[in-house]
Amino acid sequence: MRTDIHQQAILIVDFGSQTTQLIARRVREAGVYSQIHAWDRLDNLNAGPENEPENGPDYRRFAGIILSGGPESATAGNAPPVPAALFAAGLPVLGICYGMQAMARQFGGTVQAANSGEFGHAQVKIEADSPLFTDLADHIEQQNRLLDVWMSHGDRVTQLPPGFHLLASTAACPIAGMEDPARRFYGLQFHPEVTHSRQGARIIQQFVREICGCPPRWTPANIIDQSIAQIRAQVGSERVLLALSGGVDSSVTAALLERAIGDQLQCVFVDNGLLRKAEAEQVMAMFADQRGLNVRHVNAADEFLARLKGITDPEAKRKIIGQTFIEIFEREATRIAGLNWLAQGTIYPDVIESAGAASNKAHLIKSHHNVGGLPAHMQLKLLEPLSELFKDEVRQIGLELGLPPDRIYRHPFPGPGLGVRILGEVRQTYADLLREADAIFIAELQAADLYQKVSQAFAVFLPVKSVGVVGDGRRYEYVIALRAVETSDFMTAHWAQLPYDFLEQVSRRIINEIPGISRVVYDISSKPPATIEWE
């Protein structure tokens, strides 16, 4: 019998924390499926006609619940409450930061604003044995077990609710952890989901595996097995059109669909004129030549560039590129008999960042061309087999499917391509200059064994001119910015401190080898406040 990887999942109730996605990823790293839902939209949990909204949320498919942190104060009169039905479901509950404070307040404890907030590193003393902390310690001092953790709070619990006892403390926060073992309710003031909490991943694993009793079913092999079964059930004998970009997400989608439905899959690779150097040739070689996929190469560079003429707003550029992609796929679909499905490489963070997640709370930072872009009149049904997965999970699936590691571990490339790495209006000459500069930067990173030591690196075209001197002549040409970041989750990122001599080598090559570039600068902005991409 096939393993149901969604059975005994963990529900993550989102109160607006910037690290809610990290909680979901840590749960999945423990081998357990997780789902994020906003605290005030839990009616979305209902599934099927027997679960009408008036009957309230259906928690039966979950094995445990995690309450996220959030920006609100638990002491405020309008603070978001934890729905009472959630606590009445009989499931283990772990409250993190705001989640702990809301739990404490609702069960009769006291939450107060601290005299001073606690932000950053802290050392927690474990005050009592708990299945959350079994065999965990970063330090032992005078027979006390201590954990290095990350705090971020201005409020704190000052009186435990009835039935709870103390689990952990810090010098600044006497109640840093609490537990009601009878009801299996737990609270942590610190954030176990972030990497700064050294034992945080193990704490979350012990909650989901030991306390909630979830077996480790969420594995690449099981995900592939269930995805194939689901694809076959959805598609039947119908044909599928896949938008193949050559990036990690669409490449893994292609490999997964190939295994599921074979020659029912028709891939369309659209060259929009905004790809990296030699990208089209590499994609066709990998999929059409090596894997034998049905791949139709559509050169639509002129069409994209014509529609982008005069457009400078980055969000407008994204929408135009996305709409043009859809129209091309529609056009190609009419040429393929029996086609009923359009497949896309949408992944979970795409949905969340585009404010299309179940929480519907996130501010729109930028839209994604493959999220929410299908016109109402489109006759194709949408197939998104990776839409539950984070990027690291997609890569694991790709390796399991036999895709080459050098393709799987390529740095991310935005769906609109160079269209959002050319600031302002997109022109053919700008794209050509940027392609060459980007290729030099990436080649030098690989030669210096730095490519895999940074999470993402690329060049950006700045539509401003700067005076330079080449030989004895004056050069008044364009500027290229280099961007490289280090990150574990792409939610936050630090600029990569690349060696000066390396940057000098890249700059020298770009200026000497590319007529039309007179200056190279390096971006030292972190995320936040900046985003990783410039647009």
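Residues numbered from 1 in each chain as written. Predicted model: local features only at pLDDT ≥ 70, side-chain atom pairs only at ≥ 80, totals over all residues. Heavy atoms only, no water.

A word on the overall build of the protein chain. In terms of regular secondary structure, the protein chain is built from 14 helices and 19 strands. On C-alpha atoms alone, the protein chain measures out to a radius of gyration of 26 Å, which is about the 24 Å that the 2.2 N^0.38 rule sets for 535 residues. Principal-axis analysis of the C-alpha atoms gives the protein chain an extent of 75 × 60 × 40 Å. Residue pairs in contact within the protein chain that sit at least 24 positions apart in sequence constitute 73% of those at least 6 positions apart. Counting only carbon and sulfur atoms, one obtains 49% of the accessible surface of the protein chain, whose full area is about 22800 Å². Taking the 50 positively charged and 62 negatively charged side chains of the protein chain as two groups, their mean positions are separated by 2 Å. (Helix = DSSP H or I, 4+ residues; strand = E, 2+ residues; numbered from the N terminus. Rg over C-alpha atoms; globule rule 2.2 N^0.38 Å. Contact = heavy atoms within 4.5 Å. Areas by Shrake-Rupley, 256 points an atom, 1.4 Å probe, with all protein chains shown as cover. Lys, Arg positive; Asp, Glu negative; His and termini not counted. Charge placed at Lys NZ, Arg CZ, Asp CG, Glu CD.)

So, about the nonpolar core. One finds Ile-65, Leu-67, Leu-86, Val-240 and Val-252 to be the most contacted residues of the largest nonpolar core, which totals 69 residues. Residue contributions to this core peak at eight residues, all from helix H6 (residues 248-261). Residues contacting Leu-86, with those up to four places away along its chain left out, are Val-13, Leu-42, Tyr-59, Ile-65, Leu-67 and Val-93. Within the second largest apolar cluster, 52 residues are counted, among which are Ala-300, Ile-328, Phe-329 and Leu-498. (Core = buried A, V, L, I, M, F, W, Y, C linked by side-chain atoms within 4.5 Å. Buried < 20%, exposed > 50% of the residue type's maximum accessible area, 1.4 Å probe, protein only.)

A separate point is the pattern of salt bridges. The tally for this structure, following the rule as stated, stands at 28 salt bridges. Between Asp-249 and Lys-391 there is a salt bridge, with its nearest N and O atoms 3.0 Å apart. Of this pair, Asp-249 sits in helix H6 while Lys-391 sits in helix H11 (residues 391-400), placing them 142 residues apart in sequence. Take Asp-249: its relative accessible area is 14%, and that puts it in the buried class. (Salt bridge = Lys/Arg side-chain N within 4 Å of Asp/Glu carboxyl O.)

For the protein chain, mean pLDDT is 88; residues scoring 70 or higher make up 91% of the total. Here residues 47-53 is modelled with pLDDT under 50, and outside its nearest four sequence neighbours on either side it reaches seven contacts, counting other chains as well. Across residues 355-373, where pLDDT falls below 50, the model places 49 contacts with residues more than four positions away in sequence or in other chains. (pLDDT = per-residue confidence, 0-100.)

Put simply, H6 and H11 touch, their axes get as near as 9 Å, and they point 45° apart. Taken together, H6 and H11 sit at an angle that is classed as oblique. Of the two possible hands of crossing, H6 and H11 adopt the one that is left-handed. Here Val-248, Asp-249, Val-252 and Arg-259 of H6 come into contact with H11, specifically with Lys-391, Val-394, Arg-395, Ile-397, Gly-398 and Glu-400. By residue class, the composition of the contact of H6 with H11 is four nonpolar, one polar and five charged. (Axes fitted to C-alpha atoms, helices over the stretch in contact; angles between N-to-C directions. Parallel < 35°, antiparallel > 145°, perpendicular 65-115°, else oblique. Left-handed = near helix turned anticlockwise from the far one by under 90°. Nonpolar A, V, L, I, M, F, W, Y, C, P; charged D, E, K, R; others polar.)

Moving on: the side chain of Ser-466. Relative to the helices and strands, Ser-466 is located in strand E16 (residues 456-470). Relative accessible area serves as the criterion here: at 11%, Ser-466 is assigned to the buried category. Polar contacts involving the side chain of Ser-466 include one to the side chain of Arg-519, which spans 2.5 Å. When residues no more than four places from it in sequence are discounted, the contact partners of Ser-466 are Arg-475, Tyr-476, Glu-477, Val-479, Ser-518 and Arg-519. (Polar contact = N/O pair within 3.5 Å; in protein donor to acceptor, adjacent residues only side chain to side chain.)

What follows concerns helix H7 (residues 279-290). Here H7 contains 12 residues, and its C-alpha end-to-end distance of 16 Å stays within 8% of the 16 Å for a straight helix at 1.5 Å per residue. Next to the buried residues of H7 lie H6, strand E12 (265-271), strand E13 (295-299) and helix H12 (405-408). (Expected span 1.5 Å × (residues − 1).)

Moving on to the sheet that holds strand E11 (residues 239-243). Here five strands make up an open sheet; going across it, the order is E13-E12-E11-E14-E15 and the pairing parallel. What marks the edges here is a single partner per strand, and that holds for E13 and strand E15 (381-383). Averaged over all pairs of adjacent strands, the angle between their axes in this sheet comes to 30°, without regard to strand direction. By the bridge criterion, four bridges tie E11 to E12 in an arrangement that is parallel. Counterpart to Ala-243 in the pairing with E12 is Val-268. Across the sheet, H6 touches E11, E12, strand E14 (339-343) and E15, and the angle it forms with E11 is around 165°. (Pairing = 2+ DSSP bridges.)

The omega angle of the peptide bond from Lys-527 to Pro-528 is -15°, so this bond is cis rather than trans. For the peptide bond that leads from Pro-528 to Pro-529, omega is 10°, which places it in the cis range. For Pro-529, the location among the structural elements is in the segment after strand E19 (517-522). The backbone phi angle of Asp-135 is positive, close to 60°, even though this residue is not glycine. Accessibility expressed as a relative area gives 67% for Asp-135, which makes it exposed. For Arg-184, which is not a glycine, the phi torsion comes out positive at approximately 60°. When you line up the elements, Arg-184 lands in the loop between strand E9 (177-180) and strand E10 (185-188). Its relative accessible area of 32% is what places Arg-184 among the partly exposed residues.

Attention now moves to the packing of aromatic side chains. Applying the stated criterion across every chain yields a total of 15 aromatic pairs. Ring geometry for Phe-441 versus Phe-502: centroids 6.4 Å apart, planes at 40°, classification tilted. Here the residue Phe-441 occupies a position in helix H13 (residues 428-447), and Phe-502 occupies one in helix H14 (residues 500-513), the gap between them amounting to 61 residues. Assessed through its relative accessible area of 7%, Phe-502 is described here as buried. Among the aromatic residues, ring-to-ring pairing joins Phe-87, Phe-107, Phe-164 and Phe-185 into one connected group. If you follow Arg-276 out to its NZ or CZ, it ends over the ring of Phe-413, 4.1 Å from the centre. Positioned above the aromatic ring of Phe-458, the side-chain terminus of Arg-421 is 3.9 Å from the ring centre. (Phe/Tyr/Trp six-rings, centres within 6.5 Å; stacked < 30°, edge-to-face > 60°. Lys NZ or Arg CZ within 6 Å of the ring centre and 35° of its normal.)

Once that is clear, we can look at the side chain of Ser-518. Its place among the elements puts Ser-518 in strand E19. Here the side chain of Ser-518 touches Ser-466 through a polar contact of 2.6 Å, landing on its backbone oxygen. Not counting residues within four places of it along the chain, the set of residues in contact with Ser-518 comprises Ser-466, Gly-468, Arg-475, Glu-477, Tyr-478 and Ile-511.

Taking burial as the measure, the five residues of E14 include four buried ones, the bulk of the element. As judged from the four bridges shared by E11 and E14, these two strands associate in the parallel manner. Opposite Arg-239, over in E14, you have Leu-339 as the bridge partner. Alignment of E14 against E15, held across three bridges, turns out to be parallel. Across the sheet, the residue bridging to Leu-342 is Leu-382, located in E15.

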